[in-house]
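# Geometric and topological summary
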Amino acid sequence: DAKTTQPPSMDCAEGRAANLPCNHSTISGNEYVYWYRQIHSQGPQYIIHGLKNNETNEMASLIITEDRKSSTLILPHATLRDTAVYYCIVESLAGSYQLTFGKGTKLSVIP
Amino acid sequence: NAGVTQTPKFQVLKTGQSMTLQCAQDMNHEYMSWYRQDPGMGLRLIHYSVGAGITDQGEVPNGYNVSRSTTEDFPLRLLSAAPSQTSVYFCASSSPRDRGNYGYTFGSGTRLTVV
């Protein structure tokens, strides 16, 4: 699976949009981009995933560049409960179920 | 649904002791795995299983043993605990269908300290 690069930390004001970037320049054509978050050392929680089209669900939006080499997770109205470590992971659905976690981005939502 | 259940939540072991971390899921997922997370780090894969009777090694398998006799359970055994195995352990599960829709479901973790 391709590796990803994320900034180690970001701050966001409560109520504002949080935009978390991820670089995955070596992504293959059949690899999806997944986002998970981990709150207070709990187990990671799935947020959203996509292949090449932009995706939106009740938690977030995912914007993938046309060349698929980078993506942005958008939390439209960040709350204090969104403070967490966010992981960007690429995975092929035909792959071997082996997730590779980096250190992620520590998002701090500030009152 | 309970999802993925891990027991115990906390454990302190002495060096050289053995123990089993339990993981159970009620989603009929074929795939189950164990990760460890050290302070300030991402999760690292220890062992995984794609179905009952099938297991394989991940990135950091040394010192750990697994078996998969049922679809629901995937226990992780520490054969002779060492301080380097002090970590938080997470179990995860998924299926070919769910991986494409909801990714992986993780348990809440077991915090293990080896003294």
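The notes below deal with the structure included here. This is a predicted model, so every value here is computed, not measured. (Residues numbered from 1 in each chain as written. Chains lettered and ligands numbered in written order. Predicted model: local features only at pLDDT ≥ 70, side-chain atom pairs only at ≥ 80, totals over all residues. Heavy atoms only, no water.)

To continue, consider the overall build of chain B. On a plain count of helices and strands, chain B comes out with 1 helix and 11 strands. In chain B, the succession of helices and strands from N to C terminus is β-β-β-β-β-β-β-β-β-α-β-β. In terms of overall size, chain B behaves like a compact globule, its C-alpha atoms giving a radius of gyration of 13 Å where 115 residues would be expected to give roughly 13 Å. In terms of overall dimensions, chain B has C-alpha extents of about 40 × 30 × 25 Å along its principal axes. In chain B, which comprises 115 residues, the proportion classed as buried is 49%. Long-range pairs, those at least 24 residues apart, make up 54% of the contacts in chain B between residues at least 6 apart in sequence. Only carbon and sulfur atoms are counted for the fraction: they give 51% of the accessible area of chain B, which is about 5,200 Å². Taken together, the 9 basic and 8 acidic charged side chains of chain B have centroids lying 8 Å from each other. (Helix = DSSP H or I, 4+ residues; strand = E, 2+ residues; numbered from the N terminus. Rg over C-alpha atoms; globule rule 2.2 N^0.38 Å. Buried < 20%, exposed > 50% of the residue type's maximum accessible area, 1.4 Å probe, protein only. Contact = heavy atoms within 4.5 Å. Areas by Shrake-Rupley, 256 points an atom, 1.4 Å probe, with all protein chains shown as cover. Lys, Arg positive; Asp, Glu negative; His and termini not counted. Charge placed at Lys NZ, Arg CZ, Asp CG, Glu CD.)

For the rest of this paragraph, the subject is the interface of chain A and chain B. The interface is formed by 23 residues belonging to chain A together with 25 residues belonging to chain B. Seen at the junction of chain A and chain B, the total is 0 salt bridges. There are 9 residue pairs in polar contact (both at pLDDT 80 or more) connecting chain A and chain B. Elements that contribute at least two residues to the side of chain A that touches chain B include exactly strand 3 (31-38), strand 4 (45-50) and strand 8 (84-92) of chain A. A per-class count over the side of chain A that touches chain B returns 10 nonpolar, 11 polar and 2 charged. (Salt bridge = Lys/Arg side-chain N within 4 Å of Asp/Glu carboxyl O. Polar contact = N/O pair within 3.5 Å; in protein donor to acceptor, adjacent residues only side chain to side chain. Nonpolar A, V, L, I, M, F, W, Y, C, P; charged D, E, K, R; others polar.)

Attention now moves to the sheet that holds strand 1 (residues 9-13) of chain A. All names here are of chain A. As summarised here, the arrangement of the 5 strands in space is 1-9-8-3-4, forming an open sheet in which the pairing is mixed. Only two strands of the sheet have a single partner each, and these edge strands are strand 1 and strand 4. The average angle at which neighbouring strand axes cross in this sheet is 25°, direction not considered. By the bridge criterion, 3 bridges tie strand 8 to strand 9 (residues 105-110) in an arrangement that is antiparallel. Looking at strand 9, one finds that Val 85 is bridged to Lys 106. (Pairing = 2+ DSSP bridges. Axes fitted to C-alpha atoms, helices over the stretch in contact; angles between N-to-C directions.)

This part is about the environment of A:Lys52. All names here are of chain A. Residue placement: Lys 52 occurs in the loop between strand 4 and strand 5 (55-56). Judged by its relative accessible area of 55%, Lys 52 is exposed. When residues no more than four places from it in sequence are discounted, the contact partners of Lys 52 are Ile 64 and Arg 68.

Before going further, it helps to examine the pattern of salt bridges. Residues and elements named next belong to chain B. The tally for this structure, following the rule as stated, stands at 4 salt bridges over all chains. For Arg 36, the salt bridge identified is with Asp 38, shortest N-O distance 2.8 Å. By relative accessible area, Arg 36 is classed as buried at 8%. The salt bridge partner of Asp 38 is Arg 44, with a shortest N-O separation of 2.7 Å. Through salt bridges with shared partners, one network takes in Arg 36, Asp 38 and Arg 44.

Before going further, it helps to examine the state of the cysteines. Residue and element names in this part refer to chain A. Overall, the coordinates contain 2 disulfides over all chains when judged by the stated rule. Put simply, Cys 22 and Cys 88 are joined by a disulfide, and their sulfur atoms are 2.1 Å apart. The sign of the -80° torsion about the S-S bond sets the Cys 22-Cys 88 disulfide as left-handed. Of this pair, Cys 22 sits in strand 2 (residues 18-23) while Cys 88 sits in strand 8, and the two are 66 residues apart along the sequence. (Disulfide = S-S within 2.5 Å.)

Counting through the fold element by element, B:Met41 comes out in the loop between strand 4 (31-37) and strand 5 (43-51). The exposure class of B:Met41 is partly exposed, given its relative accessible area of 37%. Setting aside chain neighbours within four positions, we find B:Met41 in contact with A:Tyr87 and A:Lys103.

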